[in-house]
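# Chains, contacts and geometry: an overview
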Amino acid sequence: MKPEKFLLELEQILEQAGYTLRKERGSFRGDECIIEGQKLVVVNKNKPIESQLGTMGRVLGQVDLTGVYIKPAVRKKLEELWDQLQVMPEESSGDFELE
């Protein structure tokens, strides 16, 4: 799966998990926050795509994805990303619920 396609898939997963994604320019790494009750992920669009994937992967690793549909190929790629980032998913069972 090409990085650009994987990036789009992660954006969709973030939205399904209740986050709003903002791509901004600046001298920051990117992370998640809550502003006025809205869950927000800010990604630095000046950074390479690998850095953007890392930011989204770290956030998704901290979120309970139970009930969020993730395509099997995307799930495999996400698990590989978590291994690279050394992130343990929030779910205790390690399984994703597929609808």
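Residues numbered from 1 in each chain as written. Predicted model: local features only at pLDDT ≥ 70, side-chain atom pairs only at ≥ 80, totals over all residues. Heavy atoms only, no water.

## Examining helix α2 (residues 49-61)
To keep things clear, this is the line we draw: Only DSSP runs of H or I with at least four residues qualify as helices, and only runs of E with at least two residues qualify as strands; both kinds are numbered from the N terminus onward. Each helix should span, by expectation, one fewer than its residue count multiplied by 1.5 Å. Each residue gets one of three labels from its accessible area relative to the maximum for its type: buried under 20%, exposed over 50%, partly exposed in between, using a 1.4 Å probe on protein chains only. Note on contacts: a residue pair is in contact if any heavy atoms of the two residues lie within 4.5 Å.
For α2, spanning 13 residues, the distance from its first C-alpha to its last is 18 Å, which sits close to the expected 18 Å at 1.5 Å a residue. Counting buried residues in α2 gives 10 out of 13 residues, a clear majority hidden from the surface. For α2, the full list of buried residues reads I49, Q52, L53, G54, T55, M56, G57, V59, L60 and G61. Buried residues in α2 make contact with α1 (3-16), β1 (20-24), β2 (30-35), β3 (38-44) and α3 (72-85).

## A short note on the layout of surface pockets
Short version of the rule: Lining residues are those with an atom within 4 Å of a point, where the points come from a 1 Å grid over the protein atoms alone and group into cavities, where a 1.4 Å probe fits but cannot get out, or pockets, open sets with protein on both sides within 12 Å along at least five of seven lines. Grid points are joined across faces, edges and corners, and a volume is the space filled by probe spheres set on the points.
Computed from the structure, the largest pocket encloses a volume of approximately 180 Å³. Taken together, M1, K2, P3, F6, E50, L53, G54, K77, E80, L81 and Q84 make up the full set of residues lining the largest pocket. Elements with a contribution of two residues or more to the lining of the largest pocket: α1, α2 and α3. Sorting elements by how many residues they give to the lining of the largest pocket places α3 first, with 4 residues.

## Structural notes on the nonpolar core
Just so we agree on the cut-off: In plain words, nonpolar cores are sets of buried Ala, Val, Leu, Ile, Met, Phe, Trp, Tyr and Cys residues tied together by side-chain atoms within 4.5 Å.
Membership of the largest hydrophobic core comes to 23 residues, with the highest contact counts inside it found for L10, I13, L60 and L65. Secondary-structure elements contributing two or more residues to this core are α1, β3, α2 and α3. Here L10 is in contact with L53, M56, L60, L78 and L81, once residues within four sequence places are set aside.

## Regarding α1
Between its first and last C-alpha atoms α1 spans 20 Å; for 14 residues at 1.5 Å apiece the expected length is 20 Å, and the two agree. Within α1, burial applies to F6, L7, E9, L10, E11, I13 and L14. Taken from the residues just after α1, G18 is the one with a positive phi, measuring 95 degrees.

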